[in-house]
Amino acid sequence: MKFTTATAMASMAALASAKDGRTFAVLRFDGDGFLTEGPMDPVVNPGSISTHYHGIMGGSNFGPTVEGDQLMKSTCTTAKIANDKSNYWVPSVMFQDPKNGTFQKVPMFYMNVYYFFEATDDEIKPFPIGLKMLSGDSKTRSVPESGGALNLDPDNGMPINPVQWTCPRSSYDPPSYPVDSDGSTAGMVDPNNKGSGSGFPLYPCDGYASPLRQDIHFPSCYNPEAGLDDHVNNMKFPSNSGFKQNCPKGWIHTPHIFFEVYWNTPLFDDLWTPDGKSQPFVLSTGDATGFSSHGDFISGWDQNTLQTIIDTCDAGDIGMDQCPQIPGGLNKVNDCKIPPAYGKIMEPGQIITELPVVGSLITGWGKGGVSGGSVDSPAPPKASSNAPAASATSQKQDSPAETKAAEETPTTAAAAAATPTVESQDNNTPAGGDQPAGGAFIESSSAAAVVDTPAPTDAPAYPVEQGNPGIKTIYDIVTVTYTTTVAAAEATQNARRAPRHAHGHAARHLGGSFAARR
């Protein structure tokens, strides 16, 4: 039978009792692209330019400093749930041209945040307002001790590994990761999923509507003694107790959130030739490996709204926005954007010779003389409200990737307006000294040859997974004991736009090395 919204609603009333099984719902976002972008990170670098460029989702009261209930005063949010003013952010992915070493920002295709409510003896409670979390390590260039597999178990004697990359492909011959890789020159495959692993894959991701995906799990046990701002010590992953997951005594069990960020890497497929030895994508941290993937979160949830979702919402892949009677309802603002505090947002197709803040030094897998270990980020320059253009200069040339996108889809002024260059404003920039060279600010868009952003095309609601000919997209409704697989409608091929629904991969998040700890 088909899984419908009515089916989900009928089962939600019983969920307010103790969590004897996992429930979950996917938070989706409105609009086109991020809320804002730039070198801002109020978790790790509060009040100053951060060590690298980020893309940020969520509430509009985001800034270099976020304190207390600041996010609750946001006037809009990119989240589909109106009362979620939280912020979610990740480092940007960049394409480095193998021919000349220049960089382009890879556009975000779309982003989801899974909210998992685990089976537990604890009471799952909302994130405290203002809670700051960081998951992953922006400095590492070493493969995790778990190799290509996730490790979310704090008690198995192995360091936590909360991040992976997933690369859906029509064929895994040749494999995405070398079979004998030790992580020193290439990534390592997840032994339970040949489409996922640690580090960037070596071949293009050509799965339908599923380009390169950044996966980040966050811990769900909050230590009130550490406090809201201590992102190093205030969170940990829960321990296994039979088939349940419990937090230490005195800690608060919060939702387990999971970021999946899709990056539009197919735009660059014609600009590099896979050889099984190297790949052209780097993180804005200057990391050529992808091992430094990480994410940040600050809670701006209305407490009653999130508690209602925890207790009653098991919408799964169909989306949190399909749950009934959510306090505050759904977001009606579809164009929530704010200017960056520092510099300007990099436009699609803008070509730069150095990364913001980081400069031209790319490290990892032998680049920059680095084949592992930890790389300290450059000290961020001081901010200046009238800072000149930085050495992350734009070249006056057309972007082949953007030209390719424009050829695939007709250009419209409306589409261009959907991803504007948003300039910083003086009243958002803290006082400071002059800005030294080193790429902290992006050069004005007038110095860049930027073509119009292609018009988005609507995607089918139920895209077909590649690599499984004749198999329709499935939606897996997961409990602690069984999985129900339900077929969805057939889809039209070749859409470029992000789908409205997930791809039936919730089971993959809940399977393999992730579920092995249960």
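It should be noted that the structure appears before, not after, this text.
Cut-offs and rules
- Residues numbered from 1 in each chain as written.
- Predicted model: local features only at pLDDT ≥ 70, side-chain atom pairs only at ≥ 80, totals over all residues.
- Heavy atoms only, no water.
- Helix = DSSP H or I, 4+ residues; strand = E, 2+ residues; numbered from the N terminus.
- Buried < 20%, exposed > 50% of the residue type's maximum accessible area, 1.4 Å probe, protein only.
- Contact = heavy atoms within 4.5 Å.
- Areas by Shrake-Rupley, 256 points an atom, 1.4 Å probe, with all protein chains shown as cover.
- Disulfide = S-S within 2.5 Å.
- Pairing = 2+ DSSP bridges.
- Axes fitted to C-alpha atoms, helices over the stretch in contact; angles between N-to-C directions.
- Core = buried A, V, L, I, M, F, W, Y, C linked by side-chain atoms within 4.5 Å.
- Polar contact = N/O pair within 3.5 Å; in protein donor to acceptor, adjacent residues only side chain to side chain.

J.: Looking at this structure, I do not really get the overall build of the chain. What am I missing?
T.: Regarding its fold elements, the chain presents 6 helices and 23 strands. Relative to its full complement of 518 residues, the chain shows a buried share of 56%. Restricting the contact set of the chain to residue pairs at least 6 apart, pairs at least 24 apart contribute 81%. Total accessible area on the chain is roughly 19700 Å²; 50% of this is exposed by carbon and sulfur atoms.

J.: Help me out: how do you make sense of the state of the cysteines in this one?
T.: Put plainly, two cysteines are in a disulfide when a covalent bond ties their sulfur atoms together. If you walk through the whole model with that rule in mind, you get 4 disulfides. Disulfide partner of C167: C205, at an S-S distance of 2.1 Å. Disulfide C167-C205: torsion about the S-S bond near -120 degrees, hence left-handed. One end of the pair, C167, is in the loop between β9 (163-166) and β10 (188-190); the other, C205, is in the loop between β11 (193-198) and β12 (213-217), with 38 residues separating them in the sequence. For the pair formed by C167 and C205, the shared burial category is buried.

J.: Hey, could you run me through helix α2 (residues 303-312) in this one?
T.: It helps to recall that an α-helix has 3.6 residues per turn; residues three or four apart then point in one direction. Considered for burial, the residues of α2 that qualify are T305, L306, Q307, I309 and I310. Against β7 (108-117) lie the buried residues of α2.

J.: Mind showing me how you'd approach the sheet that holds strand β18 (residues 256-263) here?
T.: Strands pair in a sheet through their backbones, by hydrogen bonds, and they do so in one of two ways: parallel or antiparallel. Within the open sheet, the 7 strands sit side by side as β1-β7-β18-β12-β9-β11-β10. Their pairing is antiparallel. The sheet is open, and its two edges are formed by β1 (23-27) and β10, each paired on a single side. Strand-to-strand, the axes of this sheet are offset by a mean angle of 30 degrees, without reference to chain direction. As judged from the 4 bridges shared by β9 and β12, these two strands associate in the antiparallel manner. Along β12, the bridge assignment pairs V163 with I216.

J.: Just to check I follow, could you spell out the nonpolar core for this structure?
T.: Considering soluble globular proteins, one finds that nonpolar side chains tend to be buried as a cluster. Membership of the largest hydrophobic core comes to 55 residues, with the highest contact counts inside it found for Y88, Y115 and F259. Breaking this core down by element, the ones donating at least two residues are β1, β4 (87-91), β5 (93-96), β7, β9, β18, β19 (281-283) and α2.

J.: Sorry if this is basic, but what is going on with the pairing of β11 here?
T.: Along any regular strand, the residues point their side chains to alternate faces of the sheet. Of the strand pairs in this sheet, β9 and β11 are connected by 2 bridges, and their pairing is antiparallel. Bridging across to β11, T166 finds its partner in S196. By the bridge criterion, 3 bridges tie β10 to β11 in an arrangement that is antiparallel. If you follow V189 over to β11, its bridge partner there is G197. The antiparallel hairpin formed by β10 and β11 contains 2 residues in its connecting segment.

J.: Sorry if this is basic, but what is going on with the environment of Y88 here?
T.: Considering the arrangement of structural elements, one finds Y88 in strand β4. As for Y88 and I298, which are separated by 210 residues in sequence, their C-alpha atoms are 6.9 Å apart. Contact partners of Y88, with chain neighbours within four places excluded, come to L27, F29, G55, I56, M57, M111, V113, Y115, F259, D296, F297 and W301. One polar contact links Y88 to D84, side chain to side chain, over a distance of 2.6 Å. A polar contact of 2.7 Å, which involves the side chain of Y88, links it to the side chain of Y115.

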